[in-house]
Amino acid sequence: DVKVTQSSRYLVKRTGEKVFLECVQDMDHENMFWYRQDPGLGLRLIYFSYDVKMKEKGDIPEGYSVSREKKERFSLILESASTSQTSMYLCAAEAGTERGYEQYFGPGTRLTVT
Amino acid sequence: AQSVSQHNHHVILSEAASLELGCNYSYGGTVNLFWYVQYPGQHLQLLLKYFSGDPLVKGIKGFEAEFIKSKFSFNLRKPSVQWSDTAEYFCAVNTDNQGGKLIFGQGTELSVKP
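It should be emphasised that the depicted structure is a prediction, and the values quoted were computed from it without experimental measurement. Per-chain numbering applies: the sequence of each chain, read as written, is numbered from 1 onward. Numbering of ligands from 1 and lettering of chains from A proceed in the order in which they are written. With the structure being a predicted model, the display of local features is reserved for residues of pLDDT at least 70 and the display and counting of side-chain atom pairs for 80 or more, all residues being used for whole-chain, interface and lining totals. Where side-chain values are given, they derive from all heavy atoms of the structure, hydrogens and water being excluded.

In this structure, what is going on with the pairing of strand S3 (residues 19-25) of chain A? I would like to understand it.
Along any regular strand the residues' side chains alternate between the sheet's two faces. Residues and elements named next belong to chain A. Burial classes: relative accessible area under 20% of the type maximum marks a residue as buried, over 50% as exposed, and values in between as partly exposed (1.4 Å probe, protein chains only). Numbering of helices and strands runs from the N terminus; a helix is a DSSP stretch of H or I covering at least four residues, while a strand is a stretch of E covering at least two. The alternating pattern of S3 places Val-19, Leu-21, Cys-23 and Gln-25 on a buried face, while none of Phe-20, Glu-22 and Val-24, on the opposite face, is buried. Pairing geometry for strand S1 (residues 4-6) and S3, over 3 bridges, is antiparallel. Bridge pairing in S3 places Gln-6 opposite Cys-23. For S3 and strand S8 (residues 73-78), the ladder comprises 6 bridges, and the chain directions are antiparallel. Residue pairing in the sheet places Val-24 in a bridge with Arg-73 of S8. Pairs of strands are assigned from DSSP output, requiring at least two bridges between the strands.

Here is the structure:
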């Protein structure tokens, strides 16, 4: 199975701080994703990447940026954290099978911005 | 834009009751369909998936789902739930023009009373 790890389970930051969320996958997968999970809204895609140094905006990219310098690592950056970005952040890596692709998720980082 | 709708936000059942969670999507082309489950305090994991072939798919822990193309639906079922099935369930769709992107429903919280 694919293993996806995230640097922190819980994080508390102040408004205006720059925040880095790290995600690492243990397989050689090209595709990686960042979602945020909010009650009643499900998971919404923030950014994704199909390869090193490549990035694509998802459905809610505002206030976020990403970095992918190495294939196994995909970082989400909150340039200036706001209280509206208090949420659960999930990283995923995508593995291909003979019948299509599956996404494997990390444990999540619960970020609180005060 | 494509969307996924889960009809029930919170379902409460007694053990041994039958379960059906609704999922509908809005997209007229080829789709790949997924159900993910998130047990309390755990990461999101794949329950089952449909790519092609038999529209009735079986997943882990006795779950199954049926793809009905004419109804744009992919409902999740289990004949007899257990207390350990208490979790949040997410339906997700990948469309053929979205690359690896998954579109998630809002989620359904299932509470099973012992």
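Additional details are given in the paragraphs that follow.
Before we go on, may I ask you to explain the state of the cysteines in this structure?
Residue and element names in this part refer to chain B. The criterion for a disulfide is a pair of cysteine sulfur atoms lying within 2.5 Å. This structure, assessed with the given rule, holds 2 disulfides over all chains. What pairs with Cys-23 in a disulfide is Cys-91, and their sulfur atoms sit 1.9 Å apart. Residues Cys-23 and Cys-91 share a disulfide whose torsion about the S-S bond is about -65°; that sign makes it left-handed. Taken together, the residues span a long stretch of sequence, with Cys-23 in the loop between strand S3 (19-21) and strand S4 (24-26) and Cys-91 in strand S10 (residues 87-95) at a distance of 68 residues. Both residues of the pair, Cys-23 and Cys-91, belong to the buried class.

I'm lost on the nonpolar core in this one. Help?
A general trend in soluble globular proteins is that nonpolar side chains are found buried together. All names here are of chain B. Counting residues in each nonpolar core, the largest one holds 30 residues, and the members touching the most others are Tyr-25, Leu-33, Trp-35, Leu-48, Phe-74, Leu-76 and Tyr-89. At the level of secondary structure, the elements contributing two or more residues to this core comprise strand S2 (10-14), S3, strand S5 (31-38), strand S6 (45-50), strand S8 (64-68), strand S9 (73-78), S10 and strand S12 (108-113). In this structure Leu-33 touches Tyr-25, Leu-48, Lys-49, Tyr-50, Phe-67, Phe-74, Ala-92 and Val-93, once residues within four positions along its chain are discounted. We call a set of buried Ala, Val, Leu, Ile, Met, Phe, Trp, Tyr and Cys residues a nonpolar core when their side-chain atoms join them within 4.5 Å. Any pair of residues with heavy atoms lying within 4.5 Å of one another is described as a contacting pair.

Is there a simple way to explain the packing of aromatic side chains in this structure?
Two measures describe an aromatic ring pair: the distance that separates the ring centres and the angle between the ring planes. Stacked, edge-to-face and tilted labels apply to pairs of Phe, Tyr and Trp rings (six-membered ring for Trp) whose centres lie within 6.5 Å, assigned for plane angles under 30 degrees, over 60, and everything in between, in that order. Summed over the entire model, instances satisfying the criterion amount to 16 aromatic pairs over all chains. Arranged with centres 5.1 Å apart and planes meeting at 65°, the rings of A:Phe48 and A:Tyr50 form a pair that is edge-to-face. Owing to a relative accessible area of 5%, A:Phe48 belongs among the buried residues under this scheme. Judged by relative accessible area, which is 26%, A:Tyr50 ranks as partly exposed. Cluster of aromatic residues (ring-pair linked, three or more members): A:Phe33, A:Tyr35, A:Phe48, A:Tyr50, A:Phe105, B:Phe34, B:Tyr36, B:Phe51, B:Phe90 and B:Phe104.

How do you make sense of the sheet that holds S8(A) when you look at a structure like this?
Each strand in a sheet pairs with its neighbour through backbone hydrogen bonds, running either in the same direction (parallel) or in the opposite one (antiparallel). Residue and element names in this part refer to chain A. Taken in spatial order, the 4 strands line up as S1-S3-S8-S7 in an open sheet, and their pairing is antiparallel. Strands with a single pairing partner mark the edges of an open sheet, and in this sheet they are S1 and strand S7 (64-70). The average angle at which neighbouring strand axes cross in this sheet is 20°, direction not considered. Bridge analysis of S7 against S8 gives 5 bridges, and the strand direction is antiparallel. Counterpart to Val-66 in the pairing with S8 is Leu-76. Axes, fitted as lines to C-alpha atoms, cover a helix only where it is in contact. Angles between the N-to-C directions of the axes lie from 0 to 180 degrees.

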